[in-house]
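# Per-entry structural report
The residues making up each chain are set out below.
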2 protein chains.
Amino acid sequence: MRIVVALGGNALLERGERPEAGIQQHHVRQAAEALAPLTATHEVVLCHGNGPQVGLLAVQSGADPDLAHPYPLDTLGAQTQGMIGYWLAQALRGAGARRPVAALVTQTVVDPDDGAFAHPTKFIGPVYDEAQAARMAARHGWTVAPDGPGGQAWRRVVPSPRPVRIVELEQVAHLLRGGAAVICAGGGGIPVVEDGNGRLCGVDAVVDKDLTAALLAQRLDADRLVVLTDVPAVMSEFGTPRAAPIARLRVADLDESRFPAGSMGPKIAACRQFVGATGRPAVVGALGQAAAVLAGTAGTAIVP
Amino acid sequence: MRIVVALGGNALLERGERPEAGIQQHHVRQAAEALAPLTATHEVVLCHGNGPQVGLLAVQSGADPDLAHPYPLDTLGAQTQGMIGYWLAQALRGAGARRPVAALVTQTVVDPDDGAFAHPTKFIGPVYDEAQAARMAARHGWTVAPDGPGGQAWRRVVPSPRPVRIVELEQVAHLLRGGAAVICAGGGGIPVVEDGNGRLCGVDAVVDKDLTAALLAQRLDADRLVVLTDVPAVMSEFGTPRAAPIARLRVADLDESRFPAGSMGPKIAACRQFVGATGRPAVVGALGQAAAVLAGTAGTAIVP
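Residues numbered from 1 in each chain as written. Chains lettered and ligands numbered in written order. Predicted model: local features only at pLDDT ≥ 70, side-chain atom pairs only at ≥ 80, totals over all residues. Heavy atoms only, no water.

## So, unusual backbone geometry
Selection criterion: Helical segments are the DSSP runs of H or I of at least four residues, strand segments are the runs of E of at least two, and each set is numbered from the N terminus.
One non-glycine residue, Asp221 of chain A, lies in positive phi territory at about 60°. Within the secondary structure, Asp221 of chain A is located in the loop between α7 (209-219) and β12 (224-229).

## Structural notes on the pattern of salt bridges
All names here are of chain B. The condition is simple: Salt bridge criterion: a side-chain nitrogen from Lys or Arg within 4 Å of a carboxyl oxygen from Asp or Glu. Between buried and exposed lies partly exposed: a residue is buried under 20% and exposed over 50% of the maximum accessible area for its type, with that area taken using a 1.4 Å probe on protein chains only.
In this structure the tally under the stated criterion is 18 salt bridges over all chains. For Asp210, the salt bridge identified is with Lys209, shortest N-O distance 3.1 Å. According to the relative accessible area criterion, Asp210 is buried, its value standing at 2%. A residue is classified by how much of its surface remains accessible, and Lys209, at 7% relative accessible area, is buried.

## Thoughts on the interface of chain B and chain A
Selection criterion: Here a residue-residue contact requires only that any non-hydrogen atoms of the pair lie within 4.5 Å. Buried area adds together the accessible area that both of two parts lose upon being put together, with accessible area traced by a 1.4 Å probe.
On the side of chain A, 54 residues touch chain B, which itself brings 54 residues to the contact. Of the roughly 4400 Å² buried where chain B meets chain A, counting both sides, 56% is carbon and sulfur surface. Here chain B and chain A share two salt bridges between them. A salt bridge links Glu194 of chain A to Arg93 of chain B; the shortest N-O distance between them is 3.5 Å.

## Looking at the relation of the copies chain B and chain A
We apply this condition: Least-squares fitting of one copy onto the other uses the C-alpha atoms of those residues that reach a pLDDT of at least 70 in both copies.
Of the transformation placing chain B onto chain A, the axial shift is 0.0 Å and the rotation is 180°, giving an RMSD of 0.0 Å. Considering both components of the superposition, the chain copies are consistent with a two-fold axis. Both copies share a contact surface, since 100% of the interface residues of chain B are interface residues in chain A too.

## Some details on the pairing of strand β2 (residues 43-48) of chain A
Both faces of the sheet carry side chains from a regular strand, because those side chains alternate between them. Residue and element names in this part refer to chain A. For clarity, the cut-off: The pairing criterion for strands is at least two bridges between them, as found by DSSP.
With five of six residues buried, β2 lies mostly within the body of the structure. With six bridges connecting them, strand β1 (residues 2-7) and β2 associate as parallel partners. Each residue of the ladder has a partner; that of Val5, found in β2, is Leu46.

## Focus on the sheet that holds strand β17 (residues 300-303) of chain B
Residues and elements named next belong to chain B. To keep things clear, this is the line we draw: Working convention: axes come from line fits to C-alpha atoms, limited for helices to the stretch in contact. Angles between N-to-C directions cover 0 to 180 degrees.
Pairing within the open sheet is mixed, and its eight strands lie in the order β3-β9-β2-β1-β12-β16-β17-β15. For this open sheet the edge positions go to β3 (101-103) and β15 (248-250), each flanked by a neighbour on one side alone. When the angles between neighbouring strand axes are averaged without regard to direction, this sheet yields 20°. Taken together, the three bridges between β3 and strand β9 (residues 181-183) define a ladder with parallel strand orientation. Bridging from a neighbouring strand, Val101 pairs with Ala181 of β9. Taken strand by strand, helix α6 (residues 169-177) contacts β1 (2-7), β2 (43-48), β3 and β9, and its axis lies near 140° from that of β2. Contacting β12 (224-229), β16 (282-286) and β17, helix α8 (residues 264-278) runs over the sheet at an angle of about 175° to β12.

## Here we look at the environment of Pro70 of chain B
Residue and element names in this part refer to chain B. Counting through the fold element by element, Pro70 comes out in the loop between α3 (51-61) and α4 (73-94). Separated by 28 residues in sequence, Pro70 and His42 have C-alpha atoms that sit 41 Å apart. Look past the residues within four positions of Pro70 in its chain and what remains in contact with it is Ser61 and Gly62.

Here you go:
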């Protein structure tokens, strides 16, 4: 099968952990142990998130205005593609991947009129308390918002426009045909807009990697979209004592509004998009159970 | 023809300029205007430097120890591959490149016993005066050295081991066969060492991109190595009033000791390696004259 795997940026850095290179590379090696076996029998495209990483680079990039002005999010997103692509490629090889691994710098075209530019919703970077968040917002011109219930944890939020087109799609397909596993569209792809002459220009945003993975899976004619995260399955009555994993969901029965934005919401939206467009299943589950999730013995299958 | 182009990191940021994203992207667009025409008739592999960029990221990465420890140079080099690869790919397309452009994250195997690890020589990052340099060295554990004559300008120096093998060579070749222009091995490639089991591990170094370009050109069976820089040609009696451009040099007549380390020295060494190994010419010249340098009407040709 040809599969497109979406891997959360949080899989590389758990909430509350210090964003050290060594800690992230440790998580990357764990992820690679789960993912490498998939390359033995499948054509694999891997699309990783970058929320914690791009946010950290944004803080560091803006910390000393005497050195340079902060770099825009398209450029910082490109930096995270290089860094995480390198870590993953090296770790997949180390974990015994049966194919060579190629990490490709990837741009994603978005619509300059996307309403998301006026309504930032994507959380990036470190967690602050409310007072710290207010100071960072004032100092850097950020928008900040509470991340999660209770209003204890605040983070920077940035626009997350919908992915419209993957610029390097043909190169991804070509690398797959050549037998490589391909890491691409990290952080949802570097967000760019296209002018009337076909020229591309970066924009200050972070695309949702689950939606980009769904678009990639559609355009690459993939057999499965595989959304890997830190929960074992989509849960019914999530957040209540009656919460229970759902093994199988018909796409017609999906109700995105039941899933909070920023966590399961975009994953469900991505699955709905892929299954609706292709009639093929999407699966959601825990990174550590990747093979079982793909085999249908763990996680949630979303079917036509 | 199949050509491998080495492009200096200084082409993206002139000495003394602030390392702003906008300034570098401006230079990248100028470089792309010179390079895009080559893609009309040639298979092009582009290998860029990253000295100013990886050094800036190292300063920013280490600036706030409460946030995170400084990331190692392999990881920071990977970040620069994403960033510069993105800038170049976008600009080449904007400048009318006749092929799709693919930027590939690339690892370069080096020898852990390379003497360079004990003798750092590669300049990276900002220029300091002697007192600032001493303070930065004490604070961050850097080695610093005067860059250029007079001892006015000091910079951090890091080990620059010789490139031994390009890990993603087959993927580069495959992308070329598919018709893409390929940006790869940025910053000379992310430096890694190989253990007895074939596992790769990053090391704290910056490889010389001219030597990596020469290795790439050899292994890809390229027809020309094209070394582009900010001087119009190799000069005889460089630095004297009698300095004059040399149009053609036999590899047997090359004397690397006449060219200072850190600038023309590694370029000459790279040309000697390629010409010696393949019997094909290497050319050296100004980025703005790229097409003329390749055609042999500008710059210096180094021949068997």
